[in-house]
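Spelled out, the chains give:
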Amino acid sequence: MTRLLLIGPPGAGKGTQAARLAENYSIPAISTGDIFRFNVKNETELGSKAKAYMDAGDNVPDSLTNALIRDRLAESDCDAGFLLDGYPRTTDQVRELDEFLAGHGTALDVVVELVADPDVVVERLRKRASEQGRSDDGESVVRHRLEVYRDQTEPLIDVYDGRGVLVKVDAIGEIDVVTERITAALAVRGIELAGHASH
Ligand code: AMP
């Protein structure tokens, strides 16, 4: 059982690393951002409620997000563990996740903070905007998302550090190198790659 959370500012590479780690550790990567984007694209009711917040770079209200993640974590593919990307993002969401996991007799094993300088992430997001055309990657929205991260999400890092589950990983560098850093940090915490027996 491996329950992980990737936390870090927008543009730190959470989505990219989450996909790789999910494969390497044979656990599902769960990105609330991806779930919201899927719902917006498919014009679901949830998507129509979330869209304006996303386009403005604001957090979608906790009530919507918490319900969504509760349903997702209850699916059977999460029985072997999971990797959360982009949730929790507020102290309310931490409380909600804590309650959900405690109800199943579990907790997060490791929280990986991807550490990246704001100037670097702004530049990365500018590049992603031209490549992928994400509607929330415009310059002023990016700045606002960074502010929202600083105000609402960064405080979570101290919370998890206080619980002794936080590891910090430098997110600047080649994608492979960052994956290796995360893998090494997880190994120190006793979390081994799928197929490698732990000792
Ligand atoms: P992300 O892909 O993680 O950058 O998320 C994109 C957008 O989806 C965010 O700017 C929010 O509007 C929304 N979102 C994603 N995850 C959450 C969350 N845990 N709580 C609130 N809003 C979220």
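See the structure printed just above.
Residues numbered from 1 in each chain as written. Predicted model: local features only at pLDDT ≥ 70, side-chain atom pairs only at ≥ 80, totals over all residues. Heavy atoms only, no water.

Visitor: In this structure, what is going on with the sheet that holds strand 3 (residues 81–85)? I would like to understand it.
Guide: Two orientations exist for strands paired in a sheet by backbone hydrogen bonds: parallel and antiparallel. The 5 strands lie next to each other as 2-3-1-4-5, forming an open sheet whose pairing is parallel. Pairing within the sheet leaves two strands with one partner each, and these edge strands are strand 2 (29–31) and strand 5 (166–170). Taking each pair of neighbouring strands and ignoring which way they run, the sheet shows an average axis angle of 25°. With 3 bridges connecting them, strand 2 and strand 3 associate as parallel partners. Across the sheet, residue Ile30 finds its bridge partner in strand 3, namely Leu84. (Pairing = 2+ DSSP bridges. Helix = DSSP H or I, 4+ residues; strand = E, 2+ residues; numbered from the N terminus. Axes fitted to C-alpha atoms, helices over the stretch in contact; angles between N-to-C directions.)

Visitor: Looking at this model, I keep getting lost on the nonpolar core. Mind explaining?
Guide: It is characteristic of soluble globular proteins that their nonpolar side chains tend to be buried jointly. Of all hydrophobic cores here, the largest spans 25 residues; its most connected members are Val112, Leu114, Ile182 and Leu186. Of all the elements in the fold, those that place two or more residues in this core are strand 1 (2–7), helix 1 (14–25), strand 4 (110–115), helix 6 (118–132), helix 7 (139–162), strand 5 and helix 8 (175–188). With 4 residues, helix 8 is the largest single contributor of residues to this core. In this structure Val112 touches Leu5, Leu6, Ile7, Val167, Val169, Ile182 and Leu186, once residues within four positions along its chain are discounted. Among the nonpolar cores identified, the runner-up in size contains 21 residues, and Leu5, Leu73, Tyr87 and Leu108 belong to it. (Core = buried A, V, L, I, M, F, W, Y, C linked by side-chain atoms within 4.5 Å. Buried < 20%, exposed > 50% of the residue type's maximum accessible area, 1.4 Å probe, protein only. Contact = heavy atoms within 4.5 Å.)

Visitor: Where do I start with the pattern of salt bridges in this structure?
Guide: Pairing between side chains of opposite charge can happen when the charged atoms of each approach one another. In total, this model carries 17 salt bridges according to the counting rule given. Here Arg3 and Asp109 are joined by a salt bridge, their closest N and O atoms 3.2 Å apart. Taken as a pair, Arg3 in strand 1 and Asp109 in the loop between helix 5 (91–103) and strand 4 lie far apart in primary sequence, 106 residues in all. Given a relative accessible area of 9%, Arg3 falls into the buried group. On the accessibility criterion, Asp109 (28% relative accessible area) is partly exposed. When the shortest N-O distance is used, the salt bridge between Arg20 and Asp176 registers 2.8 Å. Placement of Arg20 in helix 1 and of Asp176 in helix 8 is noted, with a sequence separation of 156 residues between them. For Asp176, a relative accessible area of 45% corresponds to the partly exposed category. A single network of salt bridges, built from pairs that share partners, joins Glu123, Arg126, Glu139 and Arg143. (Salt bridge = Lys/Arg side-chain N within 4 Å of Asp/Glu carboxyl O.)

Visitor: Help me understand the site of the ligand, please; the structure alone is not making it clear to me.
Guide: Near the ligand there are 16 residues, and of these Thr32, Arg37, Asp58, Gly86 and Gln93 occur at the shortest range. The separation between a nitrogen atom of the ligand and a polar main-chain atom of Val60 is 2.9 Å. Gly86 has a polar backbone atom sitting 2.8 Å from a nitrogen atom of the ligand. Its free accessible area being 480 Å², the ligand has 96% of it covered by the protein chains. Broken down by element, the shell around the ligand gets its largest block of residues, 4 residues, from helix 2 (residues 32–41). (Near = heavy atom within 4 Å. Polar contact = N/O pair within 3.5 Å; in protein donor to acceptor, adjacent residues only side chain to side chain. Areas by Shrake-Rupley, 256 points an atom, 1.4 Å probe, with all protein chains shown as cover.)

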